[in-house]
Amino acid sequence: MSNDPTQPPVPPPPPDATVPMPAQPPPAPPPGAGQGSRRWIVVVVVAVLLALAGAITAIALGGDDEDRAAGPTDEPTVTAPTSPTITMDPSTGPTGPTSTTGATGSSNPGCSGTPAPATLADGTYFGFLESIDVGSGVSEFDLACFYTGDEANEQAAARGDEVPVPNDVYIVNDNPSTRDVPVDPSVELLLIDWNACCETSPGAELDAFASALGDQDFVEIDGFRYAGGLSPYWITIQDGRIVGIEEQFLP
């Protein structure tokens, strides 16, 4: 190399072709390229989840619609009660007692056409209690006939009433006269508390029951709701006195 300052500098020698070139770093990806891919993946996942949720909702709503269309099948049908037919015709003749609670009245003398006796023998009778005088211990009892089943329909047809009879019960009271029947002070009362209809149960008081008989309506006394003169009753006579009174439920 010359040290003459007037001479131009000598250019460097060319690179040796046998020497390998240093590796170049890969080009940087364009800004936002990775974020775009991840964004599309999120969009696809969300779309799939929305589609699944929509399908599940449609199935659930479809099941509810079918249930509502079908409606309940186990709910009972409630029918309003119908009062039994009570026939009163003095021209037909007197009525008589029934032999047992719930039996039909055709087996009794008064109900089969034979006049009933003025004084009732020991036994069980169906009819209406008009009153009870607790002081004197005497009741006014109106005998009647209680029919059910085929006999009820036969009696109703013979009198020109509706057949079949409502609630399978038909009561005939052809003779409205009453009999005075003594009541035992310890008489057993099996009555319906109409606050909790409709089974008979003990617990009623004779004084309250006697008071309720004077009303043709429900009467509540000391928490017990009486039907009073609205209901018929079965009375049991022993030694000439009423020892049991049981209310007859009429649907």
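As the structure is a computational prediction, the values presented were derived from the model and not from experiment.

*Asks:* So what about the pairing of strand 3 (residues 138-143)? Which residues, and what values?
*Replies:* Sheet topology note: the strand 2 (residues 123-133)/strand 3 ladder contains six bridges and is antiparallel. Pairing of Gly127 across the sheet is with Leu143, part of strand 3. In this structure, the hairpin formed by strand 2 and strand 3 is closed by a connection of four residues, where Gly137 is found at a positive phi of approximately 75 degrees.

*Asks:* How would you explain the packing of aromatic side chains if you had to name every residue and give the values?
*Replies:* Going through the model one piece at a time under the given rule, you end up with nine aromatic pairs. With 5.7 Å between their ring centres and 70 degrees between their planes, Phe146 and Trp234 make a pair best called edge-to-face. Taken together, the residues Phe146 in strand 4 (residues 145-148) and Trp234 in strand 10 (residues 233-238) connect sequence positions 88 residues apart. Judged by relative accessible area, which is 4%, Phe146 ranks as buried.

*Asks:* Please provide a residue-by-residue account of helix 2 (residues 149-158), values included.
*Replies:* Looking only at helix 2, the buried set comprises Ala152, Asn153 and Ala156. Looking straight down helix 2, one finds its buried side chains confined to an arc of 95 degrees; they lie on one side. Among the exposed residues of helix 2, those pointing more than 90 degrees away from its buried face are Asp150, Glu154 and Ala158. On its buried side, helix 2 packs onto strand 4 and strand 5 (169-172). Positive phi appears at Gly160, one or two residues downstream of helix 2, with a value of about 75 degrees.

*Asks:* Report on the confidence of the model for the protein, specifying residues and quantitative values.
*Replies:* In regions of low pLDDT, the predicted coordinates are not meant to be interpreted in detail. Confidence in the prediction of the protein, expressed as mean pLDDT, is 75, and 57% of residues score 70 or more. Residue range residues 64-82 is modelled with pLDDT below 50. Its contacts to residues more than four positions away, or to other chains, number four contacts. Low pLDDT (under 50) marks residues 89-103, which in the prediction has 55 contacts with non-local residues, meaning those over four places away or in another chain.

*Asks:* Tell me about the pattern of salt bridges, and name the residues and values.
*Replies:* Applying the stated rule across the entire model yields two salt bridges. Put simply, Asp184 and Arg241 hold a salt bridge, and the shortest N to O gap is 3.9 Å. One end of the pair, Asp184, is in strand 6 (residues 179-192); the other, Arg241, is in strand 11 (residues 241-247), with 57 residues separating them in the sequence. What makes Arg241 partly exposed here is its relative accessible area of 34%.

*Asks:* Describe in detail unusual backbone geometry, supporting the description with residues and values.
*Replies:* Excluding glycine, residues mostly have negative phi values, and the peptide bonds linking residues are mostly trans. Residue Pro164 is reached from Val163 by a cis peptide bond, and omega for that bond is -5 degrees. Mapped onto the elements, Pro164 comes out in the loop between helix 2 and strand 5. Cis geometry is found at the peptide bond from Cys197 to Cys198, where omega equals 20 degrees. Tracing the chain through its elements places Cys198 in the loop between strand 6 and strand 7 (200-201). In this model, Asn167 sits at a positive phi of 60 degrees, which is unusual for a non-glycine residue. In this structure, Asn167 sits in the loop between helix 2 and strand 5. Notably, Asp222 is not glycine yet its phi reads approximately 50 degrees, a positive angle. The topology assignment puts Asp222 in the loop between strand 8 (219-221) and strand 9 (224-226).

Conventions used here
Residues numbered from 1 in each chain as written. Predicted model: local features only at pLDDT ≥ 70, side-chain atom pairs only at ≥ 80, totals over all residues. Heavy atoms only, no water. Pairing = 2+ DSSP bridges. Helix = DSSP H or I, 4+ residues; strand = E, 2+ residues; numbered from the N terminus. Phe/Tyr/Trp six-rings, centres within 6.5 Å; stacked < 30°, edge-to-face > 60°. Buried < 20%, exposed > 50% of the residue type's maximum accessible area, 1.4 Å probe, protein only. Arc of directions from axis to C-beta. Contact = heavy atoms within 4.5 Å. pLDDT = per-residue confidence, 0-100. Salt bridge = Lys/Arg side-chain N within 4 Å of Asp/Glu carboxyl O.

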